Amino acid sequence: MPVTTAVFYLLAAVTLGSACGVAFGTNILYSAFALMGTFLGVAAIFVLLGADFLGVIQLFVYVGGILVLTLFAVMLTHRIDVQVSNRAVGRLPGLVVVGVVATWMIRVARAARWTEGQPGPPAATTAGIGDAFLGTYVLPFEVASVVLLAALIGAIVVSRKEVKG
Amino acid sequence: MQELVDSLVADGFVPGGLPLWVAYLGAMLVFGGIVVFVFILPIAGITTWVERRVAGRIQSRIGPNRTGPAGFLQWLADGIKSVLKEDIVPSAADVPLFKLAPYVVMTGFVAAFVVVPFGGPLIIADLNVGILYLTAVTALVVVGILMAGWASNNKWSLLGGIRSAAQIVSYEIPAGLSILPVVMLAGTLSMQGIIGHQGWAPWTWHVFDNPFTFFAFFILFVSALAEGNRTPFDLPEAESELVMGFATEYSGLRNLLFFMAEWGNLYVIGAVVTTLFLGGWQIPLALADHPVPRIVLQFAIFFAKAYFWVFVAVWLRWTLPRIRVDQMMIMCWKYLVPIAFVNFMGTAVWMVLFPAGVPAVRVLLSLTAAGLLVAFARRVVFHVRRALLTREELSFNPLSTARVMSRG
């Protein structure tokens, strides 16, 4: 058990450290690359919790998709050194928002009932997730699919040139 | 892997008093080190030699032939040369990212080998999300390439990096959609499980299961070539336009790491295609009863199948011209993605209609493939004969009797 605990703290340190790098870095590109550490750390924690499918999907969607597209977008901008990340809101409102979110998250974490998992090799979760998606949770699953489809169509409508005829 | 360690512990090979996790960790590190240094590095190196020799033949020249028999040691010479070269960091480069990028690329490439089977029980970890893991970790390569392209502070590098990202993100979609039919057929994501669902005979392979998987196989191979930045899709490092793309500013060992990942990736492509579609390491049961020769045989058959596709990729590189960026995107989004969707849906419908599969279709498809191979081999033999013949015919000299003698 102490090994798992040590590994958990290591992963948490990597995740939080990279997250601090994302939030406090002044170079927006470094922030984007630091995001990779956060995503990898979260994926590793999922694997540590026995959710191997979720961990790999985290890697697949966030590192493979979102991070690459973020880097792509950042590299096409011409201002890389940004001193203030959000000019519209000052530091004080930002602190208030952070405080509210933090207290709320701590309350949720304290209210949650934490159960101790059984140590040992994780069981395969893929089939269970698939059954749940197409059984119990079929409606939310389909609604999410429709939302994604709408976003795709919206992207095409926004980006395509108007054909004059 | 775990069984092996457990049996070693039971046999007393592990010193007493050690916690079990130390034994597991040690076994992982030892096996991983063996795979990296004894398999990946030589295979990437030898592939460069194979590539240069084959390229030489295709272009009617000799290729490297001085270092060792038939130039075989050329890859070692190149490696040593690269290690001894000065590690140059451009003064205008973004130094930390510039230095980090080759390692990120190498990590993504080596991490793929965790789930690549080698034959029989030989696999580092048979994750039950195996093939999904493999497609996910290759994303690290994209991040590394983007990092290199940006940090070099060079327009060619940046263009190469961005082209590579666009290409890999696009071609991941047909590749993923072509993997799905196999996952549906086998009912598992584990590499060993997918191999276990097939048999040694060609008509039991996934590629011949139904007409849709037959096309899915080719789409996966083409998409994998594009994701591996191979000609005809090597736009990220198009020599005639971008010098060397994202690797332009790199020298010495860092440059070597990029190219090792590229050539080693060819073997990963071959191994994935073999695992998913071509029966993996399955051999007829009657061939070997004793475990050791069986594992050797399984390793040999897997390696032969996988390396055949490395060879095909080399052929393609030296016989096809590079396509344009817009053509590459059109090919992906307008042709490969719709066809891959048809394959995916078609396989699903096929599985519903014929839950047990159709043996006649399997045999017919494998016979078609065998016929294609035979026709291709005959064509190659014909061309080789003609090339040999015309060499004599073309050296026409009325005073010489050689021509008459060769006819006689």
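Residues numbered from 1 in each chain as written. Chains lettered and ligands numbered in written order. Predicted model: local features only at pLDDT ≥ 70, side-chain atom pairs only at ≥ 80, totals over all residues. Heavy atoms only, no water.

Colleague: I'd love a proper account of the overall build of chain A, names of residues and values included.
Modeller: A count of helices and strands for chain A gives six helices and zero strands. Secondary structure elements of chain A occur, N-terminal to C-terminal, as α-α-α-α-α-α. Of the contacts formed within chain A by residues at least 6 apart in sequence, a portion of 58% connects residues at least 24 apart. Accessible surface for chain A amounts to roughly 12,200 Å². Of this, 72% is attributable to carbon and sulfur atoms. (Helix = DSSP H or I, 4+ residues; strand = E, 2+ residues; numbered from the N terminus. Contact = heavy atoms within 4.5 Å. Areas by Shrake-Rupley, 256 points an atom, 1.4 Å probe, with all protein chains shown as cover.)

Colleague: Hey, could you go over the domain arrangement of chain A for me, with residue numbers and the actual values?
Modeller: For chain A, the domain assignment lists domain 1 (1-81) and domain 2 (126-165). Spacing between the C-alpha centres of domain 1 of chain A and domain 2 of chain A amounts to 25 Å. (Domains from an automatic or database assignment.)

Colleague: Can you break down helix H9 (residues 211-227) of chain B residue by residue, with the values?
Modeller: Two residues of an α-helix separated by three or four positions point the same way, owing to the 3.6 residues in each turn. All names here are of chain B. Between its first and last C-alpha atoms H9 spans 25 Å; for 17 residues at 1.5 Å apiece the expected length is 24 Å, and the two agree. Most of H9 is tucked away: 12 of the 17 residues are buried. The complete set of buried residues in H9 reads Thr213, Phe214, Ala216, Phe217, Ile219, Leu220, Phe221, Ser223, Ala224, Leu225, Ala226 and Glu227. The opening residue of H9, the one whose side-chain oxygen lies 2.9 Å from the backbone nitrogen of Phe212, is Asn210. Positioned one or two residues after H9, Asn229 has a phi angle of 55°, which is positive. (Expected span 1.5 Å × (residues − 1). Buried < 20%, exposed > 50% of the residue type's maximum accessible area, 1.4 Å probe, protein only. Polar contact = N/O pair within 3.5 Å; in protein donor to acceptor, adjacent residues only side chain to side chain.)

Colleague: Describe the nonpolar core, naming the residues involved and giving the relevant values.
Modeller: Residues and elements named next belong to chain B. Grouped together as the largest cluster of nonpolar side chains are 122 residues, with contacts concentrated most on Phe113, Ile131, Phe258, Tyr267, Leu276 and Phe277. The leading source of residues in this core is helix H11 (residues 252-277), at 15 residues. Setting aside residues no more than four positions away along its own chain, Leu276 makes contact with Ile131, Ile179, Val182, Ile194, Gln198, His206 and Leu220. (Core = buried A, V, L, I, M, F, W, Y, C linked by side-chain atoms within 4.5 Å.)

Colleague: Got a sec to walk through helix H3 (residues 74-84) of chain B? Specific residues and values, please.
Modeller: Residues and elements named next belong to chain B. Every buried residue belonging to H3 is among Gln74, Trp75, Gly79 and Ser82, and all of these are buried. End-on view of H3: buried residues confined to an arc of 135°, all on one side of the axis. Exposed side chains of H3 directed beyond 90 degrees from the buried face belong to Ile80 and Leu84. The inward-facing, buried residues of H3 abut helix H2 (20-58) and H11. (Arc of directions from axis to C-beta.)

Colleague: Help me get a handle on the interface of chain B and chain A, residues and values and all.
Modeller: Tallying the contact residues gives 25 residues for chain B and 24 residues for chain A. Interface area for chain B against chain A, summed over the two sides, is near 2,200 Å², with a carbon-plus-sulfur share of 85%. Remark: the boundary between chain B and chain A carries zero salt bridges. Among the secondary structure elements, those contributing two or more residues to the side of chain B that touches chain A are helix H4 (95-112), helix H5 (130-137), helix H6 (139-151) and helix H7 (155-186) of chain B. For the side of chain B that touches chain A, the element with the highest residue contribution is H6 of chain B, accounting for seven residues. (Buried area = accessible area lost by both parts, 1.4 Å probe. Salt bridge = Lys/Arg side-chain N within 4 Å of Asp/Glu carboxyl O.)

Colleague: Tell me about the packing of aromatic side chains, residues and numbers included.
Modeller: Two numbers describe a pair of aromatic rings. These are the distance of the centres and the angle of the planes. All names here are of chain B. Taken as a whole, this structure holds 31 aromatic pairs over all chains when the rule is applied. Relative to Tyr267, the ring of Phe113 has its centre 6.4 Å away and its plane inclined at 0°; by these criteria the two rings are stacked. On the criterion of sequence distance, the pair formed by Phe113 in the loop between H4 and H5 and Tyr267 in helix H11 is long-range, its members being 154 residues apart. An identical accessibility class is assigned to Phe113 and Tyr267; each is buried. Measuring from centroid to centroid gives 6.1 Å for Phe214 and Phe215, while their planes differ by 75°, and the two rings are edge-to-face. Accessibility expressed as a relative area gives 12% for Phe214, which makes it buried. Under the relative-accessibility criterion, Phe215 is labelled partly exposed at 48%. What links up through ring pairs into an aromatic cluster is the set Trp205, Phe208, Phe214, Phe215, Phe217, Phe218, Phe221, Phe277, Phe308 and Trp309. (Phe/Tyr/Trp six-rings, centres within 6.5 Å; stacked < 30°, edge-to-face > 60°.)

Colleague: Give me a nonpolar patch on the surface: which residues, what numbers.
Modeller: Residue and element names in this part refer to chain A. Taken together, the side chains of Phe133, Leu134, Tyr137, Val138, Leu139, Val143 and Val147 define a hydrophobic patch exposed on the protein surface, amounting to about 690 Å² of accessible area. In terms of residue count, helix H6 (residues 138-159) provides more of the nonpolar patch than any other element does, four residues in total. Along the chain, Tyr137 turns up in the loop between helix H5 (126-134) and H6. (Patch = residues over 30% accessible without salt bridge, like charges linked within 9 Å, V, L, I, M, F, W, Y side chains within 5 Å.)

Colleague: How would you summarise the packing of H2 of chain B against H11 of chain B if you had to cite specific residues and measurements?
Modeller: All names here are of chain B. Running from N to C, H2 and H11 point in directions that differ by 90°, and their axes come no closer than 8 Å. Relative to H11, the element H2 is oriented roughly perpendicular. Across from Phe39, Leu41, Ile43, Ala44, Thr47, Thr48 and Glu51 in H2, the residues of H11 making contact are Met260, Trp263, Gly264, Leu266 and Tyr267. Within the contact of H2 with H11, the residues separate by chemical class into eight nonpolar, three polar and one charged. (Axes fitted to C-alpha atoms, helices over the stretch in contact; angles between N-to-C directions. Parallel < 35°, antiparallel > 145°, perpendicular 65-115°, else oblique. Nonpolar A, V, L, I, M, F, W, Y, C, P; charged D, E, K, R; others polar.)

Colleague: Run through unusual backbone geometry, naming residues and quoting values.
Modeller: All names here are of chain B. A positive phi angle, near 55°, is found at Ala70, a position not held by glycine. Inspection of the secondary structure assignment puts Ala70 in the loop between H2 and H3. Judged by its relative accessible area of 43%, Ala70 is partly exposed. In this structure, Asn153 is a non-glycine residue whose phi angle is positive, near 55°.

Colleague: Tell me what's going on with the pattern of salt bridges, and back it up with residues and numbers.
Modeller: All names here are of chain B. All chains considered together, the criterion is met by five salt bridges over all chains. With its nearest N and O atoms 3.6 Å apart, the salt bridge here joins Glu51 to Arg317. With Glu51 in helix H2 and Arg317 in helix H12 (residues 291-319), the pair connects residues that are 266 residues apart, well separated along the chain. One salt bridge in this structure joins Asp326 and Arg324, with 3.0 Å as the shortest N-O distance. Taking relative accessible area as the criterion, Asp326 reaches 36% and is therefore assigned partly exposed.

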